[in-house]
Amino acid sequence: MNTIVLGSGKGSNLLSLLEHQTNELLGDAKIIGVFSDKAGAGILKIAKERGIFSKVLPPSEYAADPALQINSSWIEEIKPLNPDLIILAGFMKILPKEFIDAFDSRIINLHPSLLPSFRGIDGIRQAWEAGVRITGCTIHWVSPELDAGPIIAQAPVRVMETDDLDSLASKIHAAEHTLLPIVVANLSLGLHPFP
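Worth saying up front: this structure is predicted, and the values here are computed from it rather than measured. (Residues numbered from 1 in each chain as written. Predicted model: local features only at pLDDT ≥ 70, side-chain atom pairs only at ≥ 80, totals over all residues. Heavy atoms only, no water.)

Draft legend 1. How the structure looks around the nonpolar core. Val5, Ile31, Val34, Ile87, Ile108 and Val184 are the most contacted members of the largest nonpolar core, which has 39 residues in total. For this core, the secondary structure elements donating two or more residues are helix H1 (12-22), strand S2 (30-36), helix H2 (42-49), strand S4 (85-89), strand S5 (107-111), strand S6 (134-141), strand S7 (151-158) and helix H6 (165-188). In terms of residues, this core owes the most to one element, H6, which gives 10 residues. Core analysis: the next-biggest nonpolar cluster, separate from the first, contains 17 residues, Leu57, Ile75, Phe99 and Ile100 among them. (Core = buried A, V, L, I, M, F, W, Y, C linked by side-chain atoms within 4.5 Å. Buried < 20%, exposed > 50% of the residue type's maximum accessible area, 1.4 Å probe, protein only. Helix = DSSP H or I, 4+ residues; strand = E, 2+ residues; numbered from the N terminus.)

Draft legend 2. The arrangement of the pattern of salt bridges in detail. In total, this model carries seven salt bridges according to the counting rule given. Where aspartate 37 meets lysine 93, a salt bridge forms, and the shortest distance between an N and an O atom there is 3.4 Å. Of this pair, aspartate 37 sits in the loop between S2 and H2 while lysine 93 sits in the loop between S4 and helix H4 (97-102), and the two are 56 residues apart along the sequence. Under the relative-accessibility criterion, aspartate 37 is labelled buried at 11%. Since its relative accessible area comes to 13%, lysine 93 is described here as buried. (Salt bridge = Lys/Arg side-chain N within 4 Å of Asp/Glu carboxyl O.)

Draft legend 3. Summary view of the pairing of S5. For S5, the buried fraction is high: five of the five residues fall into the buried class. Covered by surrounding structure in S5 are Ile107, Asn109 and His111 together with Ile108 and Leu110, the residues of both alternating faces. Inspection of the sheet shows S4 paired to S5 by four bridges, in the parallel sense. Bridge pairing in S5 places isoleucine 86 opposite isoleucine 107. Taking the sense of rotation as the criterion, the β-α-β connection linking S4, H4 and S5 turns out right-handed. (Pairing = 2+ DSSP bridges. Right-handed = clockwise from strand over helix to strand, strands pointing away.)

Draft legend 4. Spatial organisation of the packing of aromatic side chains. Evaluated as defined, the whole model comprises four aromatic pairs. Over the face of the ring belonging to phenylalanine 103 we find lysine 79, whose NZ or CZ atom lies 5.2 Å from the ring centre. In this structure, arginine 106 is placed above the aromatic ring of phenylalanine 194, and the distance from its NZ or CZ to the ring centre is 3.7 Å. (Phe/Tyr/Trp six-rings, centres within 6.5 Å; stacked < 30°, edge-to-face > 60°. Lys NZ or Arg CZ within 6 Å of the ring centre and 35° of its normal.)

Draft legend 5. Spatial organisation of helix H5 (residues 123-130). Where H5 is concerned, the buried positions are Gly123, Ile124 and Ala127. Each buried residue of H5 sits inside an arc of 105° when the element is viewed along its axis, so together they form one side. Where H5 is buried, its residues meet S5, S6 and H6. Downstream of H5 by a residue or two, glycine 131 has a phi angle that is positive, lying close to 75°. (Arc of directions from axis to C-beta. Contact = heavy atoms within 4.5 Å.)

Draft legend 6. Layout of the packing of H1 against H2. H2 packs onto H1 with a crossing angle of 25° between their chain directions and a minimal axis gap of 8 Å. Relative to H2, H1 is oriented roughly parallel. Of the residues in H2, those in contact with Leu14, Leu15 and Leu18 of H1 are Ile43, Ile46 and Ala47. Of the residues that constitute the contact of H1 with H2, the class distribution is six nonpolar, no polar and no charged. (Axes fitted to C-alpha atoms, helices over the stretch in contact; angles between N-to-C directions. Parallel < 35°, antiparallel > 145°, perpendicular 65-115°, else oblique. Nonpolar A, V, L, I, M, F, W, Y, C, P; charged D, E, K, R; others polar.)

Right, dumping it as structure tokens:
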């Protein structure tokens, strides 16, 4: 299962996926490409160090909202790699229906809350400020509506009285690093149905 990862940040989830792949724990999935909307993103550095094709996707100049600056050329950049699955891991853009349809809706997103609660940006802070006692992470199919596609899997994380925002974020990221490789492996082995 040829797999592409899109990310905007440090790339810790990519690193987890690659470690699972090296240890033959990613099923039939293989990371073949990494794309970012930010030239200095750590995720690109990780890909380069591992010899994985990587590229910066140029933003559109026609959208005032940075989250919506998706360039139509992105489809042309990614299509030649023939991905069976696209993973959004810390990717801070909203994909339009045109992009989702171009890849037959075979796109999953990793979100740092238990959806449908705390959609959108900064889900960890949203949960923290709401005072919930249990939060976590969600992997879901991407749909045109933000963080609203069908849920594939979730991992709960308990908020302890000793936690602060940083420790809670660390716990949620640790849950992500466990859950995402399991879901990707299961998708590659047909244990989760594609949409």
